[in-house]
There are 2 protein chains.
Amino acid sequence: MKKIAVDAMGGDHAPKAIVEGVNQALEAFSDIEIQLYGDENKIKPYLTATERVSIIHTDEKINSDDEPAKAVRRKKNASMVLAAKAVKEGQADAVLSAGNTGALLAAGIFVVGRIKGITRPGLLSTLPTTDGKGFDMLDLGANAESTAEHLHQYAVLGSFYAENVRGIARPRVGLLNNGTEETKGDPLRKETFALLSQEPSIHFIGNVEARDLMSGVADVVVTDGFTGNAVLKSIEGTAMGIMGQLKSAIEGGGWKAKIGYLFMKDSLRTMKKSLDYSDAGGAVLFGLNAPVVKAHGSSDAKAIFSTIRQVRLMLETQVVPKSVEKFSVVEETNE
Amino acid sequence: MKKIAVDAMGGDHAPKAIVEGVNQALEAFSDIEIQLYGDENKIKPYLTATERVSIIHTDEKINSDDEPAKAVRRKKNASMVLAAKAVKEGQADAVLSAGNTGALLAAGIFVVGRIKGITRPGLLSTLPTTDGKGFDMLDLGANAESTAEHLHQYAVLGSFYAENVRGIARPRVGLLNNGTEETKGDPLRKETFALLSQEPSIHFIGNVEARDLMSGVADVVVTDGFTGNAVLKSIEGTAMGIMGQLKSAIEGGGWKAKIGYLFMKDSLRTMKKSLDYSDAGGAVLFGLNAPVVKAHGSSDAKAIFSTIRQVRLMLETQVVPKSVEKFSVVEETNE
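A quick note: this is a predicted structure, and the numbers were derived from the prediction, not measured.

Re the packing of helix α6 (residues 148-164) of chain B against helix α7 (residues 187-197) of chain B
Residue and element names in this part refer to chain B.
Point 1. Running from N to C, α6 and α7 cross one another at 45°; their axes reach a closest spacing of 9 Å. As judged from the angle between their axes, α6 and α7 are oblique. Judged by the twist between their axes, the crossing of α6 over α7 is right-handed. Here Ala-148, Glu-149, Leu-151, His-152 and Ala-155 of α6 lie close against α7, whose contacting residues are Leu-188, Glu-191, Thr-192, Leu-195 and Leu-196.
Point 2. Class assignment of the residues belonging to the contact of α6 with α7 gives a composition of 6 nonpolar, 2 polar and 2 charged.

Here's what the structure looks like:
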């Protein structure tokens with residue numbers, strides 16, 4: 001049985017969307033058990049599942065505008081903190097929250113703990129490509145500053161994730177840079193390029209540009225947390241902007257556009273679905289002793305369901321224990 | 001008369017697209033004179049304009065895969081280099097090229113020269129927003145590394161450009177960061193935030209996130225060249241990807257989608273137009289003694305026309321002499 005600790009109080013639509021997603025997941029997967037952390041009175045009205053689910057009541061929660069590290073330190077009984085503690089103490093195998101990202105990162109690092117040999121865990125997401133296969137990018141912003149050493153670890157971790165969780169043989173790993181030539185970039189990129197070229201455990205394909213990410217130029221894209229965060233948000237913002245433009249074009253285009261839309265509706269839905277982030281699950285703080293997964297703050301029940309499916313897959317494929325093993329070998333070799 | 005030196009040999013569709021854009025611009029604007037640098041035999045077949053235009057023949061040109069700085073140094077008679085020299089020697093007021101970006105940056109800095117007081121010129125473009133007003137972002141990649149001092153200058157330069165060339169009163173200047181709170185970001189952002197907060201000549205609105213750029217959160221967005229380049233290419237890549245998806249949705253959607261498209265065609269065209277970069281002109285290497293403008297490599301005649309219109313506007317509004325004056329005052333104050 002895979003035990004997943006879920007923060008029922010985090011996210012814009014909590015606890016409703018969280019609990020409804022949990023109901024769906026419990027029905028779909030018979031090998032999971034869910035622990036819901038949060039306000040019992042607010043959770044119960046939405047909980048229809050009766051088996052393999054428990055509520056661990058707490059009044060305290062971390063708000064989206066709380067200062068992350070401080071909140072984790074001070075709000076010892078917050079739903080998110082208790083969920084992380086359950087993992088640390090072996091009562092759960094993984095933790096999921098749609099709440100304050102910074103706080104979840106802090107809870108992950110300080111409560112769940114780093115894999116030995118990993119200096120800085122990175123935030124990893126599977127982002128959409130036009131061919132529907134997607135690519136994994138990290139670090140998406142767990143760290144504002146990175147060294148070449150960190151980027152090297154992200155490359156190994158990302159490749160490991162793509163291979164184990166997404167089932168991609170020999171994932172193509174690219175370094176995000178401002179040009180594809182080997183000599184491109186700042187000292188951080190040049191130093192990282194050299195390290196990745198010499199790393200035998202990954203299939204490094206060289207520098208990749210942000211322009212080509214969506215067309216699937218690589219299976220894993222490595223970058224520092226500041227750039228990763230900016231690129232992720234640029235992709236999101238542009239996709240939202242264009243879909244909004246499309247909507248206004250239809251609404252403001254008179255009767256012709258409206259008739260056209262009726263005919264095109266199915267095709268547009270298919271298109272929207274292929275760009276849908278929520279289907280790909282949440283962002284994994286990868287490099288910790290257990291899966292710690294952040295669902296999007298605006299997650300609906302379906303997105304929570306997808307994220308639980310992703311957590312289940314991480315447990316099923318044992319990607320974390322395998323990473324622990326991998327990095328313990330690296331440590332020994334270095335000693 | 002505004003004299004514009006045009007590199008006729010740079011870009012994917014040179015010299016055809018370049019010369020055709022020049023024809024259109026000469027017809028539209030009676031106060032410009034164009035000097036075309038390049039292979040006379042290849043230029044002539046496309047040149048229909050007969051007045052206010054001259055060809056300065058040269059066999060040499062810089063290729064897109066030439067090593068930029070080296071090419072500018074060695075190919076002394078390349079069309080791009082001769083165009084830049086014309087500006088330096090006072091025979092032209094501005095230079096335009098759709099060729100090798102790195103080489104144009106090098107020619108700009110080493111041949112045209114920096115404004116006194118500007119440490120690092122930045123690459124600035126006007127990018128589309130959903131309300132059609134657009135925003136200016138810099139640095140888009142002229143420099144792989146930046147200091148807070150550089151970012152401070154970009155903010156002043158960008159604000160100056162938006163005010164003078166785009167006619168925006170009190171442009172809202174934002175610092176691209178991984179969150180909107182004042183405390184966000186790496187040391188570079190924090191230091192820059194402090195400098196911009198104390199800069200009296202700009203209207204600083206604080207940190208902005210890449211997610212909100214397209215909805216017009218700021219008129220000017222300041223960032224380092226590495227991040228700027230990644231964000232620009234993410235926006236481009238996502239826009240291209242989604243438009244491609246839309247096309248496949250229509251083509252693969254059977255007869256219903258095709259009928260729908262016939263009805264929606266006008267609305268979709270309006271939408272595509274509002275996202276069209278080429279209409280906004282090229283990227284300005286801003287901080288030099290004259291306008292040095294890079295048209296997109298894939299520019300067609302219309303994009304070249306738009307870029308000449310932009311160069312003309314820069315000359316008309318005297319944004320460069322005004323910048324020179326502004327920064328000479330800064331210099332004196334600092335001494």
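So, the relation of the copies chain B and chain A
Point 1. For the pair chain B and chain A, the superposition axis carries a translation of 0.0 Å, the fit reaches an RMSD of 0.0 Å, and the rotation angle comes to 180°. When the rotation and shift are considered jointly, the pair of chain copies conforms to a two-fold rotation axis. Judged by C-alpha distance, B:Gly260 is the residue of chain B that lies nearest the rotation axis, at 1.8 Å.
Point 2. In this assembly the copies share their binding face: 100% of the residues contributing to the interface of chain B also contribute to that of chain A.

What about the environment of B:Glu316?
Residues and elements named next belong to chain B.
Point 1. Here Glu-316 shows up in helix α10 (residues 301-316).
Point 2. As for Glu-316 and Leu-36, which are separated by 280 residues in sequence, their C-alpha atoms are 21 Å apart.
Point 3. If near-sequence neighbours (up to four positions away) are discounted, Glu-316 is found in contact with Lys-2 and Asp-31.
Point 4. A polar contact is formed between the side chain of Glu-316 and the side chain of Lys-2, at a distance of 2.7 Å.

Topic: the pairing of strand β8 (residues 203-208) of chain A
All names here are of chain A.
Point 1. Sheet analysis places strand β7 (residues 172-176) next to β8, joined by 5 bridges and oriented parallel. The partner of Val-173 across the bridge, within β8, is Phe-204.
Point 2. Crossover β7 to β8 through helix α7 (residues 187-197) is right-handed.

Observations concerning the interface of chain B and chain A
Point 1. Each partner contributes to the interface: chain B provides 50 residues, whereas chain A provides 50 residues.
Point 2. Overall, the association of chain B and chain A removes approximately 4,400 Å² of surface from exposure, summing both partners, and the carbon and sulfur fraction of that is 69%.
Point 3. If you sort the residues of chain B by the area they bury against chain A, B:Arg211, B:Phe226 and B:Phe263 come out on top, with a joint share of 17%.
Point 4. The interface formed by chain B and chain A includes 4 salt bridges.
Point 5. A:Glu236 serves as the salt-bridge partner of B:Arg211, at 2.9 Å between the closest nitrogen and oxygen.
Point 6. The interface formed by chain B and chain A includes 8 residue pairs in polar contact (both at pLDDT 80 or more).
Point 7. Per-element tally for the side of chain B that touches chain A: the top contributor is helix α8 (residues 225-251) of chain B, with 20 residues.
Point 8. Looking at side-chain class alone, the side of chain B that touches chain A contains 25 nonpolar, 16 polar and 9 charged residues.

Notes on the sheet that holds β8(A)
Residues and elements named next belong to chain A.
Point 1. If you walk across this open sheet you meet the 11 strands as β3-β2-β1-β4-β11-β10-β5-β6-β9-β7-β8, and the pairing is mixed. The open sheet has two edge strands with one neighbour each: β3 (53-57) and β8. For this sheet, the mean inter-axis angle between neighbouring strands, taken without regard to orientation, is 25°.
Point 2. In terms of strand pairing, strand β1 (residues 2-7) meets strand β4 (residues 94-97) through 3 bridges, oriented parallel. Paired with Ile-4 across the strands is Ala-94, a residue of β4.
Point 3. Taken strand by strand, helix α4 (residues 79-88) contacts β1, β2 (32-38) and β4, and its axis lies near 145° from that of β2.
Point 4. On the sheet, helix α5 (residues 101-112) packs against β4, β5 (122-127), β10 (283-286) and β11 (292-294) and is oriented at approximately 180° with respect to β11.

Observations concerning α7(B)
Point 1. Residues B:Leu188, B:Arg189, B:Thr192, B:Phe193 and B:Leu196 constitute the buried set of α7(B). The buried residues of α7(B) occupy an angular sector of 130° when the element is viewed end-on, so they sit on one face.
Point 2. Looking at the buried residues of α7(B), the elements they touch are α8 (225-251) of chain A together with α6, β7 (172-176), β8 (203-208) and α8 of chain B.

With respect to helix α5 (residues 101-112) of chain B
Since the α-helix turns once every 3.6 residues, residues separated by three or four places project in the same direction.
Residue and element names in this part refer to chain B.
Point 1. Taken as a whole, α5 has its buried residues at Ala-103, Leu-104, Leu-105, Ala-106, Ala-107, Gly-108, Val-111 and Val-112.
Point 2. Along its buried surface, α5 packs onto α3 (68-74), α4 (79-88), β4 (94-97), β5 (122-127), β10 (283-286) and β11 (292-294).
Point 3. With a side-chain oxygen positioned 3.1 Å from the backbone nitrogen of Gly-102, the residue opening α5 is Asn-100.
Point 4. After α5 finishes, the residue Gly-113 shows a positive phi value of roughly 95°.

Notes on the nonpolar core
Point 1. Judged by nonpolar contacts, the single largest core of 56 residues is most densely connected at B:Ile34, B:Leu36, B:Ile308 and B:Met314.
Point 2. A total of 9 residues in this core trace back to one element, the largest contributor, which is α6(B).
Point 3. If sequence neighbours within four positions are ignored, B:Met314 has contacts with B:Tyr161, B:Val165, B:Val284, B:Phe286, B:Pro291, B:Val293, B:Val319 and B:Val320.
Point 4. Core analysis: the next-biggest nonpolar cluster, separate from the first, contains 55 residues, A:Leu36, A:Ile118, A:Phe305 and A:Val320 among them.

Here's the deal with the packing of aromatic side chains
Point 1. Tallied over the full model, the rule gives 6 aromatic pairs over all chains.
Point 2. A centroid spacing of 5.8 Å and a plane angle of 10° characterise the contact between A:Phe29 and A:Phe305, whose relative ring orientation is stacked. Pair noted here: A:Phe29 is in the loop between α1 (16-28) and β2 and A:Phe305 is in helix α10 (residues 301-316), with a separation of 276 residues, a long-range link. We note that A:Phe29, like A:Phe305, is buried.
Point 3. Measuring from centroid to centroid gives 5.2 Å for B:Phe193 and B:Phe204, while their planes differ by 75°, and the two rings are edge-to-face. Of the two residues, B:Phe193 sits in helix α7 while B:Phe204 sits in strand β8, which places them 11 residues apart along the sequence. Exposure class is identical for B:Phe193 and B:Phe204. Each is buried.
Point 4. Just above the ring of B:Phe226 sits the side chain of A:Arg189; from NZ or CZ to the centre is 3.7 Å.

Considering the pairing of β5(A)
Residue and element names in this part refer to chain A.
Point 1. Burial within β5 is extensive, with 6 of its 6 residues counted as buried.
Point 2. Sheet topology places β5 next to β10; 3 bridges connect them, and they run antiparallel. Among the inter-strand pairings, Gly-122 is bridged to a residue of β10, identified as Phe-286.
Point 3. Pairing of β5 with strand β6 (residues 135-138), which is carried by 3 bridges, proceeds in the antiparallel orientation.

The rules we used
Along each chain, residue indices are assigned from 1 in the same order as the chain's sequence is written. Numbering of ligands from 1 and lettering of chains from A proceed in the order in which they are written. Where totals are concerned, whole chains, interfaces and linings use all residues; where local detail is concerned, this predicted model gives features only for residues with pLDDT of at least 70, and gives and counts side-chain atom pairs only at 80 or more. Where side-chain values are given, they derive from all heavy atoms of the structure, hydrogens and water being excluded. To obtain an axis, a line is fitted to C-alpha atoms, over the contacting stretch when the element is a helix, and the angle between two such axes runs from 0 to 180 degrees between their N-to-C directions. Comment: elements are numbered from the N terminus, with helices defined as DSSP H or I runs of at least four residues and strands as E runs of at least two. Small angles under 35 degrees read as roughly parallel and large ones over 145 as roughly antiparallel, with 65 to 115 read as roughly perpendicular and the rest as oblique. Crossings are sorted by hand: turned counterclockwise from the far helix by less than a right angle, the near helix makes the crossing left-handed, and turned clockwise it makes it right-handed. Only heavy atoms matter for contacts: two residues are in contact if any of them lie within 4.5 Å across the pair. Amino acid classes used here: Ala, Val, Leu, Ile, Met, Phe, Trp, Tyr, Cys and Pro are nonpolar; Asp, Glu, Lys and Arg are charged; the rest, including Gly, are polar. Superposing the copies works by least squares over the C-alpha atoms of residues that have pLDDT at least 70 in both of them. N or O atoms closer than or at 3.5 Å make up a polar contact, with two conditions inside protein: a donor-capable atom paired with an acceptor-capable one, and, for residues adjacent in sequence, both atoms drawn from side chains. We call two strands paired when DSSP finds no fewer than two bridges between them. Handedness of a crossover is defined as follows: orient the strands so they point away from the viewer, and if the path from the first strand over the helix to the second runs clockwise, the crossover is right-handed. Buried area: the accessible surface (1.4 Å probe) lost by two parts on joining, summed over both. Salt bridge, as used here, is a side-chain nitrogen of Lys or Arg placed within 4 Å of a carboxyl oxygen of Asp or Glu. Per-residue accessibility, obtained with a 1.4 Å probe over protein chains only, is compared with the maximum for each type, and a residue is labelled buried under 20%, exposed over 50%, and partly exposed between these values. The arc in question is the one spanned by the directions pointing from the helix axis to the C-beta atoms. In this description, a nonpolar core means a group of buried Ala, Val, Leu, Ile, Met, Phe, Trp, Tyr and Cys residues linked to one another through side-chain atoms lying within 4.5 Å. To pair, rings of Phe, Tyr and Trp, with the six-membered ring standing in for Trp, must have centres within 6.5 Å; the planes then decide the type, stacked if under 30 degrees apart, edge-to-face if over 60, and tilted in the middle. Lysine NZ or arginine CZ positioned within 6 Å of the ring centre and within 35 degrees of the ring normal marks a charge as sitting over the ring.

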